[in-house]
Amino acid sequence: MLDFFTIFSKGGLVLWCFQGVRGPAATAPVNALIRSVLLQERGGNNSFTHEALTLKYKLDNQFELVFVVGFQKILTLTYVDKLIDDVHKEFRDKYRNEFQQKGALGLLNGTFDFKDDFMRLLRDAEESSRVRAPTVMKTFEQSLKSQKTVKCMIETRGEKPKEKVKNKKNKGSKKEGTEAAAAPSKASGGDKQPSAAGDKEELTKDEILQKNREEFFRRHMKAGEKSKSPKPDAQKEKGKKPRVWDLGNSNAKVLDYSNSATNGSAEACPVEEFDPDMALGDKNREPGRLYDLEYESEDEAEEEKVVQNTSKPSVKKGGLGGMFGMLKGLVGSKSLTREDMDPVLEKMKDHLIAKNVAAEIAVQLCESVAKKLEGKVMGTFTTVTSTVKQALQEALVQILQPQRRVDVLRDVMDAQRHRRPYVVTFCGVNGVGKSTNLAKISFWLIENGFSVLIAACDTFRAGAVEQLRTHTRRLNALHPPESHGGRTMVQLYEKGYGKDAAGIAMEAISYARNQGFDVVLVDTAGRMQDNAPLMTALAKLIAVNAPDLVLFVGEALVGNEAVDQLVKFNKALADHSMAQTPRLIDGIVLTKFDTIDDKVGAAISMTYITSKPIVFVGTGQTYCDLRSLNAKAVVAALMKA
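Model, not experiment: these values are computed from the prediction. (Residues numbered from 1 in each chain as written. Predicted model: local features only at pLDDT ≥ 70, side-chain atom pairs only at ≥ 80, totals over all residues. Heavy atoms only, no water.)

1. With respect to the UniProt feature "domain: SRP54-type proteins GTP-binding" (unreviewed entry) in the protein chain
Turning to step 1, where the next piece is worked out: If you check UniProt for "domain: SRP54-type proteins GTP-binding" (unreviewed entry), the listed places come out as residues 613-626 in our numbering.
Turning to step 2, where the next piece is worked out: Between the C-alpha atoms that bound residues 613-626 the distance is 16 Å, and the span itself is 0% helix and 43% strand. (UniProt positions renumbered as here; feature names shortened; annotations may be inferred. Helix = DSSP H or I, 4+ residues; strand = E, 2+ residues; numbered from the N terminus.)

Okay, structure coming up:
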């Protein structure tokens, strides 16, 4: 039973609606479909789930219409696809002239009496799903057995072992075959007795093959015993000895940096000497400003030059033929079909995969573009390639500009007004740069006048606490308390190794609230998405402490792995959460962006999977190498040939 069926224009005007079941109106699920699928360019799949409903939709790009049907997701309605196709065809054919003559005014002033036609199509679709042709059993002539002859089904006593010997493809098969062939010849030459009957001769061959096999295995066993020469086991010294390098220091106490410091105090550890210019990088930057990724606008000019250079020789060589060759790809006021777009979409898909976009995401993107353009009437001087490329660029920009924008500075000031710290939790797989980018974000927050408490909740990796302690000393050296009215801008809260990370985070948040810190940055241990115990611990940390922002840190080098990581991280957080609405990933930090050149597909894969924004982009080794995402710059690099 259908809940509703509605037809509306892409401008948002509802033309006709059918309400099948008494209950909530179709407004909320259809609005969710528009926000999450149509506006976000996620039309690769024609199905969408909203709470307890499943929505299926179909686009009419010629008249800019959308057909949506909704039903309970626990039901399996096999006739829905046929129904939506039949309604689409019937509605177009019935009101085609009105759309073509009046255009947009026809939608505003027109009356669409479609209920009788819809009920007829619904009855036909339901009847077609109920009445199914009975399954007819195959006749003997249609079966594979009828194609076999009687001769091939007869098995003689001597043919079976011969076939087995031929089919064996092991290392000793060739050697065994030669020995088996040589043995009968010797036996026939040495025998003086007359040949026995056919059955006896076949049995003799079997015995010869069996003997040859036994000899073959016996030789290999002897060769294996000979190769194992008895060597006296060297007596190993018990215990470990420290390795001493030639140019190193043998004194272990000098190399021991694991002495724990008291929370928030930098006096317990000696301040190391480092060059502030090396840590800051760009000297001409504006303090506290988060710059966008650089946008290369020269690509379009280069493409125009290439097009001009390639078109000139074709005109000179062919005369009128060259002119017709230039106009060959132009579409003259015709509607685009799937056959026209398939070659172009296939090249676009391969191009996206080569740019590090996950293969599954590339297929869905091309499918979404095809559904958006199918049936659309093109202009006279427009090529299919340029149309598809422009539609794909618009879809990519829309994907990189998600529904919710994360403004960290605004949220921190809002938390200040409520006199509580703003808590950010970093999570991700091993080695992606969580601690390094946490230090960069700390530096950016300090330059904007906010005090930061770093919670060392990575109690698993050796050296994790020492790494954060080093970053704390450097940040305090760059921003000493004297420059901020005697206030220490960054402190480290740590309890050593082997402790419960969720408990340390809770204590750090309480400490920050009592000491008046503005922001708490929680560093967690790296974990693979398949490690169930560690994923459970992460879900516990987030569920217990309820941070304001959960950031997934991923590197820009991954391709298909990005999809697996994000899907499983979100699934683990949802499965192990005790709340009705589980807390999932809120944003993404994309690291190592300076190492990938123009292979920026990981940004597309991550935002497409999660529908969450990329909040920060790491572009280098210094504290200033932190950027905000520029969607046009990423799309320009992605579409660059």
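2. A few points about unusual backbone geometry
Turning to step 1, where the next piece is worked out: Positioned with a positive phi, Asn356 is a non-glycine residue whose angle comes to about 80°.
Turning to step 2, where the next piece is worked out: Structurally, Asn356 is set in the loop between α12 (338-354) and α13 (359-373).
Turning to step 3, where the next piece is worked out: A positive phi is found at Asp597, a non-glycine position, where the angle reads about 60°.
Turning to step 4, where the next piece is worked out: Its location among the elements puts Asp597 in the loop between β11 (587-591) and α21 (601-610).
Turning to step 5, where the next piece is worked out: Look at Asp597 and you get exposed, because its relative accessible area is 67%. (Buried < 20%, exposed > 50% of the residue type's maximum accessible area, 1.4 Å probe, protein only.)

3. Let's talk about the pattern of salt bridges
Turning to step 1, where the next piece is worked out: The tally for this structure, following the rule as stated, stands at 26 salt bridges.
Turning to step 2, where the next piece is worked out: The shortest N-O distance in the salt bridge between Asp85 and Lys58 comes to 3.6 Å. Taken together, the positions of Asp85 in helix α2 (residues 80-102) and Lys58 in strand β4 (residues 53-60) put the pair 27 residues apart, joining distant regions of the chain.
Turning to step 3, where the next piece is worked out: Classification of Asp85 as partly exposed rests on a relative accessible area of 36%.
Turning to step 4, where the next piece is worked out: A single network of salt bridges, built from pairs that share partners, joins Glu90, Lys94, Asp117 and Arg120. (Salt bridge = Lys/Arg side-chain N within 4 Å of Asp/Glu carboxyl O.)

4. Side note on the environment of Phe18
Turning to step 1, where the next piece is worked out: Topologically, Phe18 is positioned in strand β2 (residues 14-19).
Turning to step 2, where the next piece is worked out: Separated by twelve residues in sequence, Phe18 and Thr6 have C-alpha atoms that sit 6.1 Å apart.
Turning to step 3, where the next piece is worked out: Not counting residues within four places of it along the chain, the set of residues in contact with Phe18 comprises Asp3, Phe4, Phe5, Phe118 and Met119. (Contact = heavy atoms within 4.5 Å.)

5. Structural notes on the packing of helix α20 (residues 561-575) against α21
Turning to step 1, where the next piece is worked out: Close contact between α20 and α21 brings their axes to 9 Å; oriented N to C, the two are set at 30°. Taken together, α20 and α21 sit at an angle that is classed as roughly parallel. For the pair α20 and α21, the crossing hand works out as right-handed. Contact residues: Ala562, Val563, Leu566, Val567 and Asn570 in α20; Ser605, Met606, Ile609 and Thr610 in α21.
Turning to step 2, where the next piece is worked out: A class-by-class count of the residues in the contact of α20 with α21 yields six nonpolar, three polar and no charged. (Axes fitted to C-alpha atoms, helices over the stretch in contact; angles between N-to-C directions. Parallel < 35°, antiparallel > 145°, perpendicular 65-115°, else oblique. Left-handed = near helix turned anticlockwise from the far one by under 90°. Nonpolar A, V, L, I, M, F, W, Y, C, P; charged D, E, K, R; others polar.)

6. Structural notes on the nonpolar core
Turning to step 1, where the next piece is worked out: Core analysis: the biggest nonpolar cluster contains 114 residues, and Val388, Val408, Leu445, Phe593 and Phe616 have the highest contact counts within it.
Turning to step 2, where the next piece is worked out: For this core, the domains that each give at least three residues are domain 2 (336-400) and domain 3 (408-636).
Turning to step 3, where the next piece is worked out: Those residues in contact with Phe616 that lie beyond four places of it in its chain are Leu290, Val408, Ile441, Trp444, Leu551, Ile588, Val589, Leu590, Leu626 and Arg627.
Turning to step 4, where the next piece is worked out: In terms of nonpolar packing, the next biggest core, distinct from the first, is built from 26 residues, Ile7, Leu83, Val87 and Phe118 among them. (Core = buried A, V, L, I, M, F, W, Y, C linked by side-chain atoms within 4.5 Å. Domains from an automatic or database assignment.)

7. With respect to the packing of aromatic side chains
Turning to step 1, where the next piece is worked out: Evaluation of the coordinates by the stated rule reveals 14 aromatic pairs.
Turning to step 2, where the next piece is worked out: Aromatic side chains Trp16 and Phe114 sit 5.5 Å apart centroid to centroid with 85° between the ring planes, which places their arrangement in the edge-to-face category. With Trp16 in strand β2 and Phe114 in the loop between α3 (104-109) and α4 (115-130), this residue pair connects regions lying 98 residues apart in the sequence. Here the two residues Trp16 and Phe114 agree in accessibility, since each one is buried.
Turning to step 3, where the next piece is worked out: Seen in terms of ring centroids, Trp444 and Phe616 are 5.4 Å apart; in terms of plane orientation they differ by 70°. Their pairing is edge-to-face. With Trp444 in helix α16 (residues 434-447) and Phe616 in strand β12 (residues 614-618), the pair connects residues that are 172 residues apart, well separated along the chain. For the pair Trp444 and Phe616, a shared accessibility class is recorded, and that class is buried.
Turning to step 4, where the next piece is worked out: Each residue in the set Phe5, Trp16, Phe18, Phe67, Phe91, Tyr95, Phe112, Phe114 and Phe118 is aromatic and connected to the rest through ring pairs, giving one cluster. (Phe/Tyr/Trp six-rings, centres within 6.5 Å; stacked < 30°, edge-to-face > 60°.)

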